[in-house]
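These are the residues of each chain, in order.
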Amino acid sequence: MRISVIGCGYLGAVHAACMAQLGHEVVGVDVDASKVALLAEGKAPFFEPGLPELLTEAMGSGRLEFGTDMSAVAGAQVHFICVGTPQKRGENAADLRFVDAALEALLPYVAPGDVVVGKSTVPVGTAEKLAERLAEVQPEATLVWNPEFLREGFAVQDTLHPDRLVYGIQAGTEGARAVRLLDEVYATPLSEGTPQVVTDYATAQLVKVAANSFLATKISFINAMAELCEATGADVTQLADAIGHDARIGRRFLNAGLGFGGGCLPKDIRAFMARAGELGVDQALSFLREVDSINMRRRVRMVDLAREVCDGSIVGRKVAVLGAAFKPNSDDVRDSPALSVAAQMGLQGARVVVTDPEAIANAEAKWPDLTYAPTAEQAAAGADVVVLATEWDQYRDLDPVAFGEVVAARRIVDGRNVLDPGKWRAAGWTYRALGRP
Ligand code: NAD
């Protein structure tokens, strides 16, 4: 099938490459000419494991092309909208300008029978408005809402083998036809037994923000327990292991630490709260305000811990921050807890050096005032304290004895609870972590 993908960022570029891998003919369109130039050469504009190989293969097959000219989408039967929906400046609500602009630009090329598929994360009610606009211009086309659940770092795997497919459709025969077309697009994952939920627009849009709210709540729950552990001398990692053995609770997403960040969870829970307010049901989501507060408090606590291990002051102290990406296996620094902590410590007078295996360029563009070093050893040379902020494997695997040779003082704050305290203390380090004695 011929498919178009509008918006080729973390979601769209991966989606385009994966759709080509599934055997479709794909054209990706983005307004960012520099991103498109890289993609058109088969190069990934961001770090995502498996994407470079997939792009090379798909470009080689001749089934994948990228451009900035929207007219290239003419002739595609299915058009995926994958543009950004960031938080509005100074407000909790989502900024839908890019979604609206993408649809307007697409409309002249939508033919009768085409299906426009929304994948961006949007406030409930958006699909209904977009469907109205589509019907004004091309009444014989159909809109489906098909939210995306991929995880950065596993985006290729998650797109090729999703854990579920959700289609939000308008009732009626056109809806049934659109479902058949999307089933053809996703024939391979469906044949593998991927569960499918066909529902109305409102439910499909809510599924995405409900899922992210649940995940954010799970993280903030264990981080709230970490606060209790800090006040009582208990160990939150053992507590998580113990409660996680209950299958109803489960151990995944129950890692206490510096909390969540990135381009999705923080802005999605805030936009959800804002939308609930508009709908007159803000009380239903008031718990998300607490989820957000707990999450942000962890960042403050992390700076406090670094100060505590430095005998009460970080002024003039050299701090090495391991990690800049919001999570490992990504170069995404949007709302990164690591950079938030690094910047706070810099503002409070510390000499901060940040390192990351993949995200330094993005971090430098966003936080040019911080100092960066290419490796953990270079960042930590002469450091008074080391702060582990993003749990990349190379930081989990650091040898405390060898690493101890490069620092000025053996002090480490483990913001992700991934180091073995016994091993680090045995090597002469003062080891502190969030939620652990
Ligand atoms: P992104 O910022 O990486 O990508 C968005 C892209 O859209 C950019 O390349 C931008 O240039 C392009 N764009 C903006 N306006 C455009 C227009 N009018 N026409 C064509 N292209 C346009 O964002 P992302 O992380 O890929 O997220 C996109 C959407 O997917 C968001 O709604 C996000 O919440 C959702 N989502 C993201 C993830 C994720 O892990 N990143 C997962 C699930 C859902």
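Above this text sits the structure in question.
Residues numbered from 1 in each chain as written. Predicted model: local features only at pLDDT ≥ 70, side-chain atom pairs only at ≥ 80, totals over all residues. Heavy atoms only, no water.

A. Quick peek at the pattern of salt bridges. This structure, assessed with the given rule, holds 28 salt bridges. Its salt-bridge partner being Asp95, residue Arg97 comes within 2.8 Å of it at the nearest N-O pair. Taking relative accessible area as the criterion, Arg97 reaches 56% and is therefore assigned exposed. Taking the relative accessible area as the measure of exposure, Asp95 reaches 10% and is therefore buried. (Salt bridge = Lys/Arg side-chain N within 4 Å of Asp/Glu carboxyl O. Buried < 20%, exposed > 50% of the residue type's maximum accessible area, 1.4 Å probe, protein only.)

B. View of helix H10 (residues 236-244). Of the positions making up H10, those classed as buried are Val236, Thr237, Ala240 and Gly244. Projected down its long axis, H10 carries its buried residues within an arc of 105°, all on one side. Relative to its buried face, H10 has exposed residues pointing more than 90 degrees away, namely Gln238 and Ala242. Structurally, H10 contributes buried residues whose contacts are with helix H9 (201-232). (Helix = DSSP H or I, 4+ residues; strand = E, 2+ residues; numbered from the N terminus. Arc of directions from axis to C-beta. Contact = heavy atoms within 4.5 Å.)

C. Representation of the site of the ligand. Inspection of the region around the ligand gives 26 residues, with Asp30, Lys35, Thr85, Glu152 and Lys267 positioned closest. Between the ligand and Asp30 there is a distance of 2.6 Å, counted from an oxygen atom to a side-chain nitrogen or oxygen. Between the ligand and the protein, one listed contact pairs an oxygen atom with a side-chain N or O atom of Lys35 at 2.7 Å. In isolation the ligand has 830 Å² of accessible area, and contact with the protein removes 89% of it. Take the shell around the ligand: its biggest share by element is three residues, from helix H4 (residues 97-106). When grouped by side-chain class, the residues that make up the shell around the ligand number twelve nonpolar, six polar and eight charged. (Near = heavy atom within 4 Å. Polar contact = N/O pair within 3.5 Å; in protein donor to acceptor, adjacent residues only side chain to side chain. Areas by Shrake-Rupley, 256 points an atom, 1.4 Å probe, with all protein chains shown as cover. Nonpolar A, V, L, I, M, F, W, Y, C, P; charged D, E, K, R; others polar.)

D. Representation of the packing of aromatic side chains. Considering all chains together, one arrives at seven aromatic pairs under this definition. Ring geometry for Tyr10 against Phe46: centres 4.3 Å apart, planes inclined by 35°, an arrangement best described as tilted. One end of the pair, Tyr10, is in the loop between strand E1 (2-6) and helix H1 (12-21); the other, Phe46, is in the loop between helix H2 (33-40) and helix H3 (51-61), and 36 residues separate them in sequence. Chaining the aromatic ring pairs together yields one cluster made of Phe80, Tyr167 and Tyr186. Sitting above the plane of the Phe154 ring, Arg151 keeps its charged end 4.4 Å from the centroid. In this structure, Arg164 packs its charged tip against the face of Phe149, placed 3.6 Å from the ring centre. (Phe/Tyr/Trp six-rings, centres within 6.5 Å; stacked < 30°, edge-to-face > 60°. Lys NZ or Arg CZ within 6 Å of the ring centre and 35° of its normal.)

E. Fine view of the environment of Phe272. You can see Phe272 is positioned in helix H11 (residues 265-278). Accessibility expressed as a relative area gives 15% for Phe272, which makes it buried. Spatially, the C-alpha atom of Phe272 lies 38 Å from that of Asp420, the residues being 148 residues apart in sequence. Excluding residues within four positions of it along the chain, Phe272 makes contact with Leu206, Val209, Ala210, Ser213, Leu285 and Leu288.

F. View of the sheet that holds strand E9 (residues 318-322). Ordered in space as E11-E10-E9-E12-E13-E14, the six strands form an open sheet in which the pairing is parallel. This sheet does not close on itself; its edge strands, each paired only once, are strand E11 (371-372) and strand E14 (430-433). When E9 meets strand E10 (residues 351-355), the two strands line up parallel, connected through five bridges. Across the sheet, residue Ala320 finds its bridge partner in E10, namely Val353. Where helix H13 (residues 337-347) meets the sheet, it contacts E9, E10, E11 and strand E12 (385-388), and its direction lies at approximately 160° from that of E10. (Pairing = 2+ DSSP bridges. Axes fitted to C-alpha atoms, helices over the stretch in contact; angles between N-to-C directions.)

G. Seen up close, the pairing of E1. Across the five residues of E1, four count as buried, placing the element largely inside the fold. Relative to strand E2 (residues 25-29), E1 is paired through five bridges, and the arrangement is parallel. Bridge pairing in E2 places Ile6 opposite Val29. Considered for its hand, the β-α-β crossover made up of E1, H1 and E2 is right-handed. As judged from the four bridges shared by E1 and strand E4 (residues 78-81), these two strands associate in the parallel manner. (Right-handed = clockwise from strand over helix to strand, strands pointing away.)

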